[in-house]
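# Structural features, examined
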Amino acid sequence: MVLGDSGVGKTCLLVRFRDDTFLGGNYISTVGVDFRNKIISVDDSKVKLQIWDTAGQERFRSVTHAYYRDAHALLLLYDVTNKVSFDNIRAWLSEIRDYAHEQVVIMLIGNKADCSSNDRMVKRDEGEQLAKEYSVTFLETSAKSGLNVEIAFMSVARELLFKKTGIEKKGSFNVQEYVKEQTKTNCPACSTT
Ligand SMILES: Nc1nc2c(ncn2[C@@H]2O[C@H](COP(=O)(O)OP(=O)(O)OP(=O)(O)O)[C@@H](O)[C@H]2O)c(=O)[nH]1
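As the structure is a prediction and not an experimental result, all values here were calculated from the model.

### A word on helix α1 (residues 10-19)
Extensive coverage of α1 is indicated by the burial of seven of its 10 residues. Along α1, the residues that are buried comprise Lys-10, Thr-11, Cys-12, Leu-13, Leu-14, Arg-16 and Phe-17. Just downstream of α1 lies Asp-20, where phi reads positive at about 55°.

This is the structure in structure tokens:
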């Protein structure tokens, strides 16, 4: 499930992952919830991801809360050009604690990382620190350029698959190490530290 304030880029991130395109132009706010499926390969397994897109607007909150319980993973987005969306992350995490399953996988994502340094209002360090504080994985992405979008979804899929089948198979899987490794390979300048 993809969560975060209205306008942070949840729908665009999902569309970039599923269709490899960017929904620029007219911005249409999501109403309630919507979902898209994508079948991906993780090692030897085929995994069907059912990704739920949610409305960021406050007025839909009671609708979206009803879906938290069934989510295996949550991608929690803020917009690096919008400080308020970052400041609201603590409130989102508190809602997650109230409504989601205790074992849910959480990834914190700073989207719109393609922005110019003048437009950037949240430093990568700040995102990293917050993620560390809550012991969740962190990535900066851009639905516009595609930066780290595949890695975000693939690493969550790997973690879920490992949780389901991996304990007896592979020993251990550290999602934070995996993300670090993947971002290093793709773009050394964008890797997490
Ligand atoms: N520059 C830039 N703009 C983006 C990016 N992702 C989304 N946008 C723009 O941000 C606006 C909002 O994007 P959406 O994906 O609709 O936002 P949302 O979080 O789904 O919004 P709600 O449905 O209202 O909750 C649109 O105008 C997008 O074109 C990005 O990575 N970079």
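### Brief notes about the site of the ligand
Around the ligand sit 22 residues in total, of which Ser-6, Gly-9, Ser-29, Thr-30 and Gly-56 are the nearest. With three residues, the top contributor of residues to the shell around the ligand is α1. Here the shell around the ligand is built from residues that sort into seven nonpolar, 11 polar and four charged.

### Here's the deal with the environment of Val-104
For Val-104, the location among the structural elements is in the loop between α4 (89-99) and β5 (105-111). Accessibility expressed as a C-beta count within 10 Å gives 17 for Val-104, which makes it partly exposed. Taking the C-alpha atoms as reference points, Val-104 and Leu-74, 30 residues apart in sequence, are found 7.1 Å from one another. The contacts of Val-104, once residues within four sequence positions are left out, are Ala-71, His-72, Ala-73 and Leu-74.

### Overview of the environment of Glu-181
Within the secondary structure layout, Glu-181 lies in helix α7 (residues 175-186). Glu-181 sits in the partly exposed class, given 15 other C-beta atoms within 10 Å. Along the primary structure Glu-181 and Glu-133 are separated by 48 residues, whereas in three dimensions their C-alpha atoms are 21 Å apart.

### A closer look at the pairing of strand β2 (residues 33-42)
Relative to strand β3 (residues 45-54), β2 is paired through 10 bridges, and the arrangement is antiparallel. Along β3, the bridge assignment pairs Val-33 with Thr-54. Two successive antiparallel strands, β2 and β3, enclose a turn made up of two residues, where Asp-43 displays a positive phi of approximately 50°.

### Side note on the nonpolar core
Grouped together as the largest cluster of nonpolar side chains are 43 residues, with contacts concentrated most on Leu-74, Leu-75, Leu-76, Leu-77, Met-107 and Ala-152. Broken down by secondary-structure element, the contributors of at least two residues to this core are β1 (2-4), α1, β3, β4 (73-79), α4, β5, β6 (137-140) and α6 (149-170).

### Some details on the environment of Thr-11
Position of Thr-11 among the secondary structure elements: in helix α1. Linking Thr-11 and Phe-35, residues 24 residues apart in sequence, is a C-alpha distance of 9.8 Å. The residues contacting Thr-11, other than those within four sequence positions of it, are Leu-23, Thr-30 and Asp-53.

Calculation notes
Residues numbered from 1 in each chain as written. Predicted model: local features only at pLDDT ≥ 70, side-chain atom pairs only at ≥ 80, totals over all residues. Buried ≥ 20, exposed ≤ 12 C-beta atoms within 10 Å, placed from the backbone. Helix = DSSP H or I, 4+ residues; strand = E, 2+ residues; numbered from the N terminus. Near = placed C-beta within 6 Å. Nonpolar A, V, L, I, M, F, W, Y, C, P; charged D, E, K, R; others polar. Contact = placed C-beta atoms within 7 Å. Pairing = 2+ DSSP bridges. Core = buried A, V, L, I, M, F, W, Y, C linked by C-beta atoms within 7 Å.

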